[in-house]
Every structure is written in C-alpha cells, then in structure tokens.
Amino acid sequence: MNITKAKEILKHQFGYDEFRLHQEAAIECVLAKKDSVVLMPTGGGKSLCYQIPALLFDGLTLVVSPLIALMKDQVDALKNNGVNAAFLNSTLTNREQVEVFQKVKSGELKLLYVAPERLLQAGDQFIEFLKNINVSLFAIDEAHCISSWGHDFRPEYLQLRKLKTHFPNVPLIALTATADKLVRRDIIERLTLKNYELFVSSFNRENIHYRVEPKRNTYAKLLDYLETKRDESGIIYCLSRAAAENLADDLRSEGFNALPYHAGLSKDERDKNQELFLKDEVKIIVATIAFGMGIDKSNVRFVVHTDLPKNIESYYQETGRAGRDGLESEALLFFSWGDVQKLKGFAEVEGNKSQSDIMLRKLNQMGEYGDLKACRRRFLLKYFSEDLAEDCGNCDNCGKNFEKFDGTIIAQKALSAVARTNQRMGLSYLVDFLRGSKSQKIWDSHRQLKTYGVGADVSKDEWFEYFRDIINQGFLAQTDGQFPVIVLTEKSEDVLKGKVKVELFKVTEKEEKKTASLVAVAAPPYIKPLFDELKNLRTNFAIADNVPPYVIFSDATLVEMATYLPLTASDMLKISGVGDLKLEKYGGDFLYEIKSYCETNNLDTRIDLKVVKREPKRRTKRDTNGDDTYTVSLKLFNDGYSVEEIARRRGISVNTVEMHLIRFIPTGEVELEELLPDHKIAEIRDAVVKFGESNALSPIKEYLGENYSYGEIRAVLASMI
Ligand code: ADP
Ligand code: ZN
C-alpha cells in the first residue's frame, strides 16, 4: 500500500490537490500499521488522516468521538464523497442500530463512528463483537479528553486503553488540537502506545486576522462592525448568560439575525439554535463559553469577544473556531484593563494558593495580550512555545506604527488632573475632565479648576492609551478594589516639576492597510454576486438532503468557483473540494449557474489562472482534434459505442460519460430514448412530477432506489426543460 494511492483518493474522492501540514506523513505512518499521535490546529484537516487509510484498508475503521451531535454531519459529509460510513449513538432507534450492526457484519462499511461509552457497554460486549469482524484501524478523535490536564477530561476515555490490550496489532491514530506537552504525554501513556510516531503541526492559523479594540462604546462599535459583516456567520462571546441573552435581543431588534446560546437555556432550545446556526439559517450566535465544543462549522467568518477570556488557552481555542475552511476570518477582542480587574475575583481558587497564582498569572498574560504593542500572532504562538520568524502582517498591530515621542507635556497634564482632583477619581472621569466634558457627572467644583479642558485636543481613545502607558511607567498608579482610582506615585513629582522627560507612543495606521472582509486566499478576487447565487443553490441542495450546507460544498470551494469560473466538467474538477462523486451529483447544476452568469455578464473562464500544483493523473480532457471532452463522448456515441464502452475506452467513469451525453439532450443531438429504456423514463418522469422540478435530486434518487443513477435522473430532467 503506498502514498500514491492515498493521493489519488485525495484528488478523486475528496477533490483536493495536495496534502496539508502533516497529513501525508501521518497517513504513511498509519499505512505502515504503526500507531500515531497527530496534533493539528482546528481546521488543519485531521479527519483525512484516518479517512484516507480507512479507504485503503480492507476492513473497518472505528472512529471514537465524544461529539455525538457532530456524528451525523460527519457521516453525511463522507457519504456525499462516496464513502460508506455510519455512526452508532444514543440518537438512533433500536432498529436503526440493528441495521448498522448488519452493515458492519457484512463488511460493506468503511468507517464507523461511535461514542466512547459505546465501547464499554455491557462489559466488553462491544469489544467482543469487534473481535469477530475485521477491524483495520482505530481512530481516537479529540484524544485530549483522555487527559485530566486537558480542558475537557472525560473519564470514559480512560477505558480506551483496552483497545491496545485486546487489539495489539491493529494500528491506532490519536488526534487532537491541544498542543500541551502534559496532555500529549497523557495520551501516549494512557492509550499505552509503544511503537508510535508523533506529528506536531504548527498551530499558526494564518487566515485569522487578530484585532483588539478598546472596550468603550462597545455596543456602538459592535454594530458598526457587524454592519460590515452582513450575511457572514460569526460567534460573539460574552461572560455571562444575561449578557448573552440581552445582546442577542438587542441585535435582533437592530435587524441582525442573532440567537443566544448558554447553559441557562433548555437543551432543546440550545440544540435548536445550534442547528439553525450550522445550517446558515441564523448568522450570529451570542454565546457564553458553553458554546463551542460541538461546533464544526467551517465558514465562521468572525469571532468577537465582548469580554476578556480568562486565559490565552481559552482565547485561542475560541478564536480558532473562525475560518476552518481556510478563508480569511477575523478575531476581534474588546479589551480593557477593567476586565482584568473584574476577573481577578473569578481567578481565586478557594483554599488553593498555588492554583490561584497560576490562574492569576494566566489572566495577566491575557491582559498583556490586550495591551500589546507588537505583533499579536507572535505573542500567541510564543505562548504555545512556537517562534514566528517575523511579524505576521495579518494582525492589527502589524498594520500600525508605534512611534515614540516626547510626551512630557501630556503626562504633566494627566498628573496635574490627578493632583487637582485630589487623587479621588477614576480613569474615565479624568479623561472626561481633561477633555472639558460638559457632562453632568463632572463636579461643579472641578469645572473651576485650571486643568479642566486642557486636554481637549487629544481624543478619548488616545487619552486612555496615554494613561495606560503612564501608569505602566510608574508615573501614576491605579488602586485595586471595586472602584479603582488613579493616584500619584513617588515618581510623579519629578514629572510635574519638569525634571524628567516622559516618552509615550503615538499610534498611526500604516499605509497599505489590508481590508478585513471576506477575501479569497486565491487571487483574482471572487465575484460576490455569483458567489451568493451559488450559495443559494447550495442551500437548496442542503435543505433537500437535510444536511448542513458545508456537506455539499464548503465556502472555500464556492469562492474558488466564483473566482475561476469553471465552465466544463474538467474545469470543475480543478476546483478544490470537487471530487468525482460531487461532480456527478452537483456539478451540472453549479456549472449551469456559472455558465448562465458568464453568458449574462460576458465573461470567460479563468480556470487557467488557477495553479494546480500537481496535475491529476487522468488526462482525458482534450482529444487530438481539439474537441472538448463532451464532443469526444458524443462522437463515440454516434459511432455506435455504448456508454459503458465509451467509459472504458476513455478511462473515465460511466457517470461522467452520461453527464457528457446529457448535455446534448436539450439540443436534440442525443435522444433520451437512446440512453435509457422506456420504463425507466416513465418511472423517473413520475418521480420528478411528484417531487417537483426543483434542484433537489437526492429525494428523487432516494425514492427511486439503487437501480436508478443520478445520471439517469438528470437525463430525464434535461429532456423536460
Ligand atoms: P480538523 O478536524 O483538523 O479541525 P477537518 O478534518 O474538519 O479539520 O478539516 C477542515 C477542512 O479542511 C475541511 O473542510 C476539509 O475538507 C478541509 N481539508 C482537509 N484536508 C485538506 C487538504 N489537503 N486540502 C484542502 N482542504 C482540506
Ligand atoms: Zn502581526
């Protein structure tokens, strides 16, 4: 068994040209029947590391996953790529379970997803069952659940050690997005892996743009922000249930399509909201951290934190839910030191000083991130012991200049405001006071002071920045407690008397600012109106098949279509994410949509601009006469060859040949009756009428059963246009 086969499957079944990160190495290791531990960030592509070997091995691959809510979608996605997969969990009826067991026994299944508790059910009954069938591979997803150091320890996972005792010769692959060294060691020890390889990919999420805004006027800023993200999916994290609930209400009243998600809602309601979000029917989820573990939505374009997370680990995990499809996405944090102060109470672990200290240190590091004056990605990766060679160029700070300047006069104004108001006022008050605010809250006695309004030429945001800087340098201090006030320090006097200079930072935007909206990673820019039309088409299929839209095609795939404008089936196969089966099932409809768009707008394909690094092996696209692939099939057909013979001669699938010929039905060059027998035509016509001439092929196919192919249904549809 070799890697060439694996690459063919990658291309034809999944529609991708190249392996990512450590996929190739991990797959080679599995194929060599060795154990492996794969650490890859969210969205890195862990699933293919066991799905491709599963297709190459003879027997069954058993996938253990704690995410019951996701199993159906994962299995649907596999089926849509032509992979025979199923799942077993508590959501199935007894009868459905029996069916799955039968499929396992008959050997037709390639992958079976199970929850960990299933393995332990009724003693070792399930394990004994497995011994009687041919198991080729065990895949343990979310493997960090086995570690009590992890953030999501699940005691059931400890039982997975049994796998290696009962099946010492069956390879096992453990996968996780948690990089922690302690967790890693636990996984290896607790699964009792001996002859294993470890694959650690970079945790850098290049397509996520990190950005921090001061936490003031948050709601207004948020509305402005969301206005630029209309039609895009996002998650907004809040600290409390009440905040999540209220914000979702407010956003709805502003006309945004938002719903809440938190532990205070009933399970039904949570499931419903999550489902609507997954299906793109709700765009924004306003959530507490209860939301996330079960979320496998690839087109989340932004994650906003209106409150500070407790540590960098949580922040990185939550922001990591953006952009799993590899398209540009954004993580926006609203930050204030006040939040750090507020969270200190939560960090305290009663009666455990050392644990409290750790939590506090982590909280302060989160604060440091919020206040950072350098590349944010570098800071984040450094936190996870990874060094970035240079600044990323894709965070807010990389788009800014931090210039030092002589800020002595500004500092003197700030210090004298503190002194004149008798060191009794908080930061916001001082800023308003310096700016000469007319607000009621400024004390009458303070309005008489000489310092009142001397800082009106400096913006509010800048004042907050300057104060923070001055405090950090020790020329002022902020008291602890519920109502912190700003006070002078022993270094203040020298500043006020002009004995020392104070350096401050001036922040300016760099010229070539990147736009933060949805941009395809690939150039040239994609055509938004076409993208939207393709999305609608995808929604139709998704509703008909009752699956989330990404199971049909990911956003990344649609963006490529709307960029490169494929006009033929062979063009379509060059689009990342279009494999043979998807081409057959959906290719015609998407091509039709793209073609109509191109005709209306006088556009030609741009497929040649797409750099395909490795040519797919089968090259049957153009005949020597320069005929396109459709015409070649048509000519052979007219010469009297059957569909099967054409397929064999040309080295392409029967389905593809059918697709070619169908194209000539509307023009009359091919007669429907030449392609399929009358009784089939009649049956299919009836079914079409029954289900309406919509885009939904799947229900028709399901209704008609195994003996009718998608190609046949499509042919009849083509004749009915
Ligand atoms: P993970 O489990 O690591 O979070 P997934 O396995 O769900 O990630 O993959 C994330 C997305 O990336 C999926 O849409 C998947 O189809 C896609 N993907 C995986 N491998 C590749 C690849 N080699 N090229 C392009 N896309 C890929
Ligand atoms: Zn950066």
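Residues numbered from 1 in each chain as written. Chains lettered and ligands numbered in written order. Predicted model: local features only at pLDDT ≥ 70, side-chain atom pairs only at ≥ 80, totals over all residues. Heavy atoms only, no water.

Attention shifts here to helix α24 (residues 555-564). One turn of an α-helix holds 3.6 residues; hence residues three or four places apart share an orientation. For α24, a buried count of 10 out of 10 residues is recorded, marking the element as mostly surrounded by other parts of the structure. Of all the residues in α24, the buried ones are D555, A556, T557, L558, V559, E560, M561, A562, T563 and Y564. The positive-phi residue at the C-terminal boundary of α24 is L565, with phi of around 50°. (Buried < 20%, exposed > 50% of the residue type's maximum accessible area, 1.4 Å probe, protein only. Helix = DSSP H or I, 4+ residues; strand = E, 2+ residues; numbered from the N terminus.)

Counting buried residues along strand β2 (residues 60-64), five of its five residues qualify, which places the element largely inside the surrounding structure. Because side chains alternate across β2, one face comprises the buried residues L60, L62 and V64, and the other comprises T61 and V63, equally buried. The sheet contact formed by β2 and strand β5 (residues 135-140) spans five bridges and is parallel. When the sheet's bridge partners are listed, T61 is paired in β5 with L137. (Pairing = 2+ DSSP bridges.)

Time to look at the domain arrangement of the chain. With domains assigned, the chain is organised as domain 1 (3-200), domain 2 (208-394), domain 3 (408-501) and domain 4 (528-719). Domain 1 and domain 3 are separated by 59 Å when their C-alpha centres are compared. (Domains from an automatic or database assignment.)

Another point: the site of ligand 1. Lining the immediate surroundings of ligand 1 are 14 residues, of which Y16, E18, G43, S47 and R324 lie closest. G45 places a polar main-chain atom, nitrogen or oxygen, 3.0 Å from an oxygen atom of ligand 1. In the environment of ligand 1, an oxygen atom lies 2.6 Å from a nitrogen or oxygen atom belonging to the side chain of S47. Bound to the protein, ligand 1 loses 81% of the 570 Å² it would expose on its own. Its residues placed into classes, the shell around ligand 1 shows four nonpolar, six polar and four charged. (Near = heavy atom within 4 Å. Polar contact = N/O pair within 3.5 Å; in protein donor to acceptor, adjacent residues only side chain to side chain. Areas by Shrake-Rupley, 256 points an atom, 1.4 Å probe, with all protein chains shown as cover. Nonpolar A, V, L, I, M, F, W, Y, C, P; charged D, E, K, R; others polar.)

What follows concerns the coordination of the zinc ion (ligand 2). In the first shell of the zinc ion (ligand 2), the protein supplies C375 (SG), C392 (SG), C395 (SG) and C398 (SG), at 2.3 to 2.4 Å from the metal. In this structure, the zinc ion (ligand 2) is coordinated by four donor atoms arranged in tetrahedral fashion, with angles at the metal of 102 to 119°. (Donors = N, O, S within 2.8 Å, 3.2 Å for Na, K, Ca; no water. Tetrahedral: all angles 85-135°; square planar, octahedral: opposite > 155°, others 65-115°.)

Right, let's talk about empty space enclosed by the protein for a bit. On inspection of all chains with the given rule, the structure shows five cavities of 30 Å³ or more. The space that makes up the largest cavity amounts to roughly 100 Å³. In terms of lining residues, the largest cavity is bounded by 14 residues, among which D231, E232, F531, K535 and D555 are the most central. Top contributing element to the lining of the largest cavity by residue count: helix α22 (residues 528-545), with five residues. Taken together, the residues that form the lining of the largest cavity break down as two nonpolar, two polar and 10 charged. (1 Å grid on protein atoms, 1.4 Å probe; cavity = no way out; pocket = protein on both sides within 12 Å on 5 of 7 lines; lining within 4 Å. Points joined across faces, edges and corners; volume = space filled by probe spheres on them.)

In the structure shown here, the tally under the stated rule is 21 aromatic pairs. Between Y225 and F302, the aromatic rings sit 5.8 Å apart at their centres with planes inclined by 85°, giving edge-to-face as the arrangement. Separated by 77 residues along the polypeptide, Y225 in helix α10 (residues 218-227) and F302 in strand β12 (residues 300-305) bring together distant segments of the chain. Looking at Y225, the relative accessible area reads 5%, which means it is buried. What makes F302 buried here is its relative accessible area of 1%. Where F553 meets F590, the ring centres are 5.1 Å apart and the plane angle is 85°; that geometry is what we call edge-to-face. Of the two residues, F553 is situated in the loop between α23 (549-552) and α24 and F590 in helix α26 (residues 580-601); the sequence distance between them amounts to 37 residues. As far as burial versus exposure is concerned, F553 and F590 are alike and both buried. Counting every residue linked through ring pairs, the aromatic cluster contains F405, W463, Y466 and F467. Looking at R216, its charged tip hangs above the ring of F464, at a distance of 3.5 Å from the centre. (Phe/Tyr/Trp six-rings, centres within 6.5 Å; stacked < 30°, edge-to-face > 60°. Lys NZ or Arg CZ within 6 Å of the ring centre and 35° of its normal.)

Let us look at the sheet that holds β12. Each strand in a sheet pairs with its neighbour through backbone hydrogen bonds, running either in the same direction (parallel) or in the opposite one (antiparallel). Here we have six strands laid out as an open sheet, ordered β8-β13-β12-β9-β11-β10, and parallel in their pairing. Each of the sheet's edge strands pairs with one partner strand only, and the pair in question is β8 (208-214) and β10 (258-261). Strand after strand, the sheet turns through a mean of 20° between neighbouring axes, direction not considered. Direction of pairing for β12 relative to strand β13 (residues 329-335): parallel, over a ladder of four bridges. Its bridge partner lying in β13, V304 is registered against L332. Against the sheet, helix α12 (residues 267-278) makes contact with β9 (233-237), β10, β11 (284-287) and β12, and its axis sits at roughly 135° relative to β10, the strand it touches most. (Axes fitted to C-alpha atoms, helices over the stretch in contact; angles between N-to-C directions. Contact = heavy atoms within 4.5 Å.)

Secondary-structure assignment places E683 in helix α31 (residues 678-691). With relative accessibility at 40%, the residue E683 sits in the partly exposed group. If sequence neighbours within four positions are ignored, E683 has contacts with L704 and Y708.

Residues E671, E673, E674 and D678 make up a contiguous surface patch of negative charge. By the secondary structure assignment, D678 is in helix α31. According to the relative accessible area criterion, D678 is exposed, its value standing at 57%. (Patch = residues over 30% accessible without salt bridge, like charges linked within 9 Å, V, L, I, M, F, W, Y side chains within 5 Å. Salt bridge = Lys/Arg side-chain N within 4 Å of Asp/Glu carboxyl O. Lys, Arg positive; Asp, Glu negative; His and termini not counted. Charge placed at Lys NZ, Arg CZ, Asp CG, Glu CD.)

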